[in-house]
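Given next are the chains, with one letter for each unit.
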Amino acid sequence: MNDRAPAPGGLALIQELVNTLNLETGADSLATEEGLRAFGLAPGDAGALRGAQELRESLRAACLAHAGYPPHRSVRGLTELLAEGPVRVRVDAASGAASLAASDPGSLTARVAVAVAEGLVAGTWLRLKACEAGDCHWAYYDRSPAGRGRWCDMGVCGARAKMRAYRLRRA
């Protein structure tokens, strides 16, 4: 949808997941075999598809909240969903270095939980936002210095919003 650089680290997984649904056209790439495989999910598993879609919409609501907007619709709480994908801490015996890992590496929910935790520690989680345009809500990583980005793409959603505002002023 836009040419912004992907979110850093594991947040790219979340960004990719949220952006599997094009709200303007209704196209859901997650509902395809290719889309499911891209996230390590088995094609034909209706339960996995529903779970991934539910996780996606809860993540979208969190991204909207990061941008200061209410949820786009009623969704199951992200805290509740992420509790189903536990993570564990690994500590290297030789170096003492610690890292997070999904308890079940095949679980999309666990991988998302790790990405959220790592983003929180890195201070990047709150910069993963959803576009303010009601027909878009595409996830993007806000790299603006002040962290006040509003649109996934200034050339598309930003331009449309500014043109609407201009037309309202001229009317």
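Bear in mind the structure is a predicted one, so any value in this text is a computation, not a measurement. (Residues numbered from 1 in each chain as written. Predicted model: local features only at pLDDT ≥ 70, side-chain atom pairs only at ≥ 80, totals over all residues. Heavy atoms only, no water.)

**Focus on the pairing of strand β1 (residues 87–91)**
Side chains on a regular strand alternate between the two faces of the sheet. To keep it simple, the criterion reads: What makes two strands pair is DSSP finding at least two bridges between them. Put simply, DSSP H or I for four residues or longer makes a helix, DSSP E for two residues or longer makes a strand, and each gets a number counted from the N terminus.
Relative to strand β2 (residues 98–102), β1 runs antiparallel, the two being bridged by five bridges. In the strand pairing of β2, Arg88 is matched with Ala101. Hairpin connection, β1 to β2: the antiparallel pair is bridged by six residues, and Gly96 has positive phi, about 80°.

**Observations concerning the packing of helix α1 (residues 11–18) against helix α5 (residues 108–122)**
The description of two packed helices rests on the angle between their axes and on the distance between the axes. Let me state the cut-off plainly: To obtain each axis, a line is fitted to C-alpha atoms, and for helices this fit is confined to the stretch in contact; angles are then taken between N-to-C directions over 0 to 180 degrees. Any angle from 65 to 115 degrees is called roughly perpendicular, while one under 35 is roughly parallel, one over 145 is roughly antiparallel, and all others are oblique. What makes two residues a contact is simply this: any of their non-hydrogen atoms within 4.5 Å. Any residue that is not Ala, Val, Leu, Ile, Met, Phe, Trp, Tyr, Cys, Pro, Asp, Glu, Lys or Arg is counted as polar, Gly included; the first ten are nonpolar and the last four charged.
Axis separation between α1 and α5 bottoms out at 8 Å; the angle between their running directions is 125°. When the interaxial angle is binned, α1 and α5 end up oblique. Here α1 contributes Leu11, Leu13, Ile14 and Leu17 to the contact with α5, which in turn contributes Leu108, Arg111, Val112, Ala115, Val116 and Gly119. Its residues assigned to classes, the contact of α1 with α5 shows eight nonpolar, one polar and one charged.

**Some details on the nonpolar core**
The line we're drawing: Only buried residues count toward a nonpolar core. Its members are Ala, Val, Leu, Ile, Met, Phe, Trp, Tyr and Cys residues joined through side-chain atoms within 4.5 Å. Burial classes follow relative accessibility: with a 1.4 Å probe on protein chains only, a residue under 20% of its type's maximum area counts as buried, one over 50% as exposed, and anything between as partly exposed.
One finds Ile14, Leu17, Leu55, Leu59, Leu108, Val112 and Trp125 to be the most contacted residues of the largest nonpolar core, which totals 31 residues. Elements with a contribution of two residues or more to this core: α1, α3 (46–66), α4 (78–82), α5, β3 (128–130) and β4 (139–141). Among the elements that make up this core, the one with the highest residue count is α3 (eight residues). In terms of nonpolar packing, the next biggest core, distinct from the first, is built from seven residues, Cys131, Cys136, Trp138 and Tyr140 among them.

**With respect to the pattern of salt bridges**
This is how the line gets drawn: Criterion for a salt bridge: a side-chain nitrogen of Lys or Arg within 4 Å of a carboxyl oxygen of Asp or Glu.
As enumerated under the stated definition, the model contains eight salt bridges in all. The salt bridge partner of Asp28 is Arg56, with a shortest N-O separation of 2.7 Å. Placement of Asp28 in the loop between α1 and α2 (33–38) and of Arg56 in helix α3 is noted, with a sequence separation of 28 residues between them. An identical accessibility class is assigned to Asp28 and Arg56; each is buried. For Glu54, the salt bridge is made with Arg76, and the minimal N-O distance between the two is 3.2 Å. With Glu54 in helix α3 and Arg76 in the loop between α3 and α4, the pair connects residues that are 22 residues apart, well separated along the chain. Taking the relative accessible area as the measure of exposure, Glu54 reaches 32% and is therefore partly exposed. With a relative accessible area of 25%, Arg76 lands in the partly exposed category.

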